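# Observations on the model geometry
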Amino acid sequence: MSSTPTAADLSDDVLVAGAGYVGLATAVAIADAAPGLRVRVVDAAPDGVWRKDERASAVAAAAVRMLRRLGAWDDIAPAAQPITEMIVTDSRTGDPVRPVFLTFDGDVRPGEPFAQMVPNTALNGALRARADALGITVQAGAAVTALEERPGGIGVRLADGTRLDAKLLVACDGLKSGIREMAGIRTVGWHYGQSGIVATVKHERPHGGRAEEHFLPAGPFAILPLTGDRSSLVWTEETREAERLVAADELIFEEELQRRFGHRLGALTLEGGRRAFPLGLTLARDFVRPRIALAGDAAHGIHPIAGQGLNLGFKDAAALAETVVEAARLGRDIGALDTLEGYQRWRRFDTLQMGVTTDVLNRLFSNDSTLLRQVRSLGLSLVDRAPGLKRFFIDQAAGLSSGPTPRLLTGEAI
Ligand SMILES: Cc1cc2nc3c(=O)[nH]c(=O)nc-3n(C[C@H](O)[C@H](O)[C@H](O)COP(=O)(O)OP(=O)(O)OC[C@H]3O[C@@H](n4cnc5c(N)ncnc54)[C@H](O)[C@@H]3O)c2cc1C
């Protein structure tokens, strides 16, 4: 961080860098609970670009409660598909039959599914509308390029040379967070040598709200239900093979896809594009510095095997907003290290636990060892027969069970 003290063009209480899902949720949660705080969001992308994310995300029940409390859910609901059941299989790609080892069904509470599939555009659009309604300034084409020390605050320089001041900078600038680097926060992690191919398919028969996770030797192949006889795919392959498949002719891609997808839902047609995301584990060693807090992928990037990356980010948003709003109500400095350390303590264990769990699951399942296959099938069938353990996994998937839950995730106001 440079220490040149220069006058700022604009001054705010909270400056959020990154108008992705986590950045917008954090800004909305703070502004909604503490209207006296001035909140600004800046994003590097030109206006509208971040809304073109064709992916969909499994949003856990706890995050749905938060989005409802923040007034965003009514806009999202028409595009959301509840997941009513989930099945898990463990087989080889060409196996004619894939025995089901594990099934989850049932709601968290009556009428409340443990997760819902939501198109990312709907998520971003609804959060952006709430930010606008709360009077939050969202600036596009405004990348943070440098940080400067200020007495009682932090200075930020944008790509166009504008200088901003804030008491707290929240870095939601994604997996390759430049702010994390500028703040000197190191990460631990590794690449898996795998990429997740993401695509949307339309099928002949209805999915009935069922999600499927097929553990194949190259990695998990997830079929996640969307509205209107469509499904979202997260298809893990070794990175070079994923690149080949994404670049392949559509007919070849569809044939490879059908081999893995099976024929239960009839013939498939691709809708929209296909993209491959390199997969790895990245955990920030610290989530905070004086005047800086990391949230979302800037703090942690995990394997999508359990569909929990964004849900972890929403938990960060809820915990950070609660920490900041309570400090402001008590007249404390919202950017002081001791305030922010409360947030770090709250989030670090849960994040580490999820990072390790997804890492172990991926290593355990992404291979073709006969011995491991036997251990896995024994483990999965034991879980399937133990109602208490299944309840635990459903609560985990719903984002409801690790440590003290931020109020927004239980549906309460901060
Ligand atoms: C294949 C795949 C499938 C997934 N499926 C799921 C799922 O089903 N459920 C789930 O919970 N999670 C899932 N995830 C994870 C989820 O997509 C991410 O956790 C989530 O997108 C992170 O959101 P974010 O807001 O932290 O970051 P991002 O969405 O990456 O947003 C970062 C923002 O910061 C901006 N930015 C970057 N640099 C700067 C800068 N210097 N200054 C200002 N702005 C900047 C960018 O323009 C961007 O808008 C999946 C991930 C992958 C790869």
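Residues numbered from 1 in each chain as written. Predicted model: local features only at pLDDT ≥ 70, side-chain atom pairs only at ≥ 80, totals over all residues. Heavy atoms only, no water.

Quick look at the overall build of the chain now. Summing up its helical and strand segments, the chain has eleven helices and 19 strands in all. Its C-alpha radius of gyration of 22 Å places the chain within 12% of the 22 Å reference for a compact globule of 414 residues. Overall size of the chain, expressed as C-alpha extent along the three principal axes, is 70 × 45 × 40 Å. Looking at the chain as a whole, 54% of its 414 residues are labelled buried. Long-range contacts, defined as pairs at least 24 residues apart, comprise 76% of the intrachain contacts of the chain with a sequence gap of at least 6. Just so you have it, the chain exposes about 17300 Å², and 55% of that area is on carbon and sulfur atoms. (Helix = DSSP H or I, 4+ residues; strand = E, 2+ residues; numbered from the N terminus. Rg over C-alpha atoms; globule rule 2.2 N^0.38 Å. Buried < 20%, exposed > 50% of the residue type's maximum accessible area, 1.4 Å probe, protein only. Contact = heavy atoms within 4.5 Å. Areas by Shrake-Rupley, 256 points an atom, 1.4 Å probe, with all protein chains shown as cover.)

Okay, the pairing of strand β13 (residues 210-216) next. Summarising burial for β13: seven of the seven residues are buried, a large majority. Along β13, one buried face is formed by R210, E212, H214 and L216 and the opposite face, lined by A211, E213 and F215, is buried too. Pairing analysis gives six bridges linking strand β5 (residues 85-90) to β13, with the strands arranged parallel. Paired with V88 across the bridge in β13 is E213. (Pairing = 2+ DSSP bridges.)

Okay, the pattern of salt bridges next. Going through the model one piece at a time under the given rule, you end up with 28 salt bridges. Close ionic contact of K167 with D13 constitutes a salt bridge, the shortest N to O distance being 2.9 Å. Here K167, found in strand β11 (residues 163-171), pairs with D13, found in strand β1 (residues 10-17); they are 154 residues apart in sequence, far enough to count as distant. Look at D13 and you get buried, because its relative accessible area is 5%. Of the charged contacts, one joins E256 and R260 as a salt bridge, the two residues approaching to 2.8 Å between their closest N and O atoms. Of this pair, E256 and R260 are both found in helix α7 (residues 250-261), four residues apart, which corresponds to roughly one turn of the helix. Residue E256 is classed as buried on the basis of its relative accessible area of 17%. (Salt bridge = Lys/Arg side-chain N within 4 Å of Asp/Glu carboxyl O.)

Moving on, we get to the packing of helix α1 (residues 21-33) against helix α8 (residues 309-329). The description of two packed helices rests on the angle between their axes and on the distance between the axes. Running from N to C, α1 and α8 point in directions that differ by 30°, and their axes come no closer than 9 Å. One finds that α1 runs roughly parallel with respect to α8. Read as a crossing pair, α1 and α8 show a hand that is right-handed. Note on element contacts: α8 touches α1 through L310, G313, F314, A317, L320, A321, V324, V325 and R329, opposite Y21, V22, A25, T26, A29, I30 and A33. Looking at side-chain class alone, the contact of α1 with α8 contains 13 nonpolar, two polar and one charged residues. (Axes fitted to C-alpha atoms, helices over the stretch in contact; angles between N-to-C directions. Parallel < 35°, antiparallel > 145°, perpendicular 65-115°, else oblique. Left-handed = near helix turned anticlockwise from the far one by under 90°. Nonpolar A, V, L, I, M, F, W, Y, C, P; charged D, E, K, R; others polar.)

Neighbouring the ligand are 28 residues; D43, A58, V144, D297 and L310 lie closest to it. One of the backbone nitrogen or oxygen atoms of A44 is found 3.1 Å away from a nitrogen atom of the ligand. Between the ligand and G307 there is a distance of 3.0 Å, counted from a nitrogen atom to a backbone nitrogen or oxygen. When isolated, the ligand has an accessible area of 1000 Å², and the protein chains bury 84% of it. At the level of secondary structure, the elements contributing two or more residues to the shell around the ligand comprise α1, β3 (56-60) and α8. Here the shell around the ligand gets three residues from one element, more than from any other, and that element is α8. (Near = heavy atom within 4 Å. Polar contact = N/O pair within 3.5 Å; in protein donor to acceptor, adjacent residues only side chain to side chain.)

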